[in-house]
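Listed below are the residues making up each chain.
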Amino acid sequence: MNLSISGLYNKLYEYFGETGWWPAETRDEVVIGAILTQNTSWSNVEKALFEMKRNGVRTLEDIASLPVEQLATYIRSSGFYNQKSRRLHNLATKILEKYGKLDFMSVESMTDLENFLLPINGIGQETMDSVLLYALDKPAFAVDKYTIRIFGRTGIIDDPTLYSVKNAVNKDLGNDVPMLKNFHGMLVYLAKDFCKTKPKCDECPVRNDCAYYKANRK
Ligand code: SF4
């Protein structure tokens, strides 16, 4: 029998526990990181965040008041830095204009927030869900390509897609925001440490419940 989503959560929790994901000190830093992490590794994001902080840029207000060309020099390590600089500046400006600060934004409904965020240039579903869940404490679930890979290999969902995974997770885990946050964090660690392009199944904490492992073990 295939593992359920809550079953996978429990297996991962036994191994990883509380991950504390997303790695950020403030709501503003989550939003900044959600743009910077597009198409790059988290280690490159960390370098860009370090450079921003070194230059006194920590908040959406700081970003909105900077010329995009200058911001681009600080985030060079994250790749696509001219595009990301424009996206960050635009997003920060729009949030500040409409809500003033993220604390005020967080009291809006999910539907209103989705209607606000999704039309903004550079905000796709994954970025939006990361902002909703980690910056605004809403019960969204951020699905990335690693999540889809893990769901497909373990056999939890046949032919998983971004939307089928999101819906299935919300159906099983409900609106439990701390759980949704930690689940994504544990999946990040599982993909990074075990379920890589070439998986390290023999050491994986969920191998005994994984369809891929069962089908391929010698
Ligand atoms: S057993 Fe292998 S394929 Fe399955 S989740 Fe672990 S690393 Fe991925």
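Structure: above.
Description of the structure in this document. Throughout this document, residue positions are counted from 1 along each chain, in the order its sequence is written. Two thresholds apply to this predicted model, a pLDDT of at least 70 for residue-level local features and 80 or more for giving and counting side-chain atom pairs, whereas whole-chain, interface and lining totals are computed over all residues. Hydrogens and water are ignored here; the side-chain numbers use all heavy atoms of the structure.

### A short note on helix H2 (residues 27-36)
With 9 of 10 residues buried, H2 lies mostly within the body of the structure. Burial here depends on accessible area, computed with a 1.4 Å probe over protein chains only, as a share of the maximum for the residue type. Under 20% is buried, over 50% is exposed, and the range in between is partly exposed. Strands here are runs of E lasting at least two residues and helices are runs of H or I lasting at least four, both read from the DSSP assignment and numbered beginning at the N terminus. Among all positions in H2, only Asp-28, Glu-29, Val-30, Val-31, Ile-32, Gly-33, Ala-34, Ile-35 and Leu-36 are buried. Buried residues along H2 sit against helix H3 (42-54), helix H4 (60-64), helix H6 (81-99), helix H7 (102-105) and helix H9 (125-135). Two residues form a contact once any of their heavy atoms are found within 4.5 Å.

### Side note on the environment of Pro-205
Examined against the element boundaries, Pro-205 turns out to sit in the loop between helix H12 (177-193) and helix H13 (211-216). On the accessibility criterion, Pro-205 (22% relative accessible area) is partly exposed. Separated by 24 residues in the primary sequence, Pro-205 and Lys-181 place their C-alpha atoms 20 Å from one another. Residues within four places of Pro-205 in sequence aside, it is in contact with Lys-11, Tyr-15, Phe-16, Leu-190 and Phe-194.

### A closer look at the packing of H2 against H9
In the contact formed by H2 and H9, the axes pass within 9 Å of each other and the chain directions differ by 165 degrees. Comparing their axes, H9 and H2 come out roughly antiparallel. Relative to H9, H2 is oriented so that their crossing is right-handed. Note on element contacts: H9 touches H2 through Thr-127, Ser-130, Val-131, Tyr-134 and Ala-135, opposite Arg-27, Val-30, Val-31, Ala-34 and Ile-35. For this scheme, ten residues count as nonpolar: Ala, Val, Leu, Ile, Met, Phe, Trp, Tyr, Cys and Pro. Four count as charged, namely Asp, Glu, Lys and Arg, and the remainder, Gly too, count as polar. Among the residues making up the contact of H2 with H9, the classes are represented as 7 nonpolar, 2 polar and 1 charged. Here, axes are lines fitted to C-alpha atoms. For helices the fit covers the stretch in contact, and angles between N-to-C directions go from 0 to 180 degrees. Here the word oblique covers every angle except those under 35 degrees (roughly parallel), over 145 (roughly antiparallel) and from 65 to 115 (roughly perpendicular). Left-handed describes a crossing whose near helix is turned anticlockwise from the far helix through less than a right angle; right-handed describes the clockwise counterpart.

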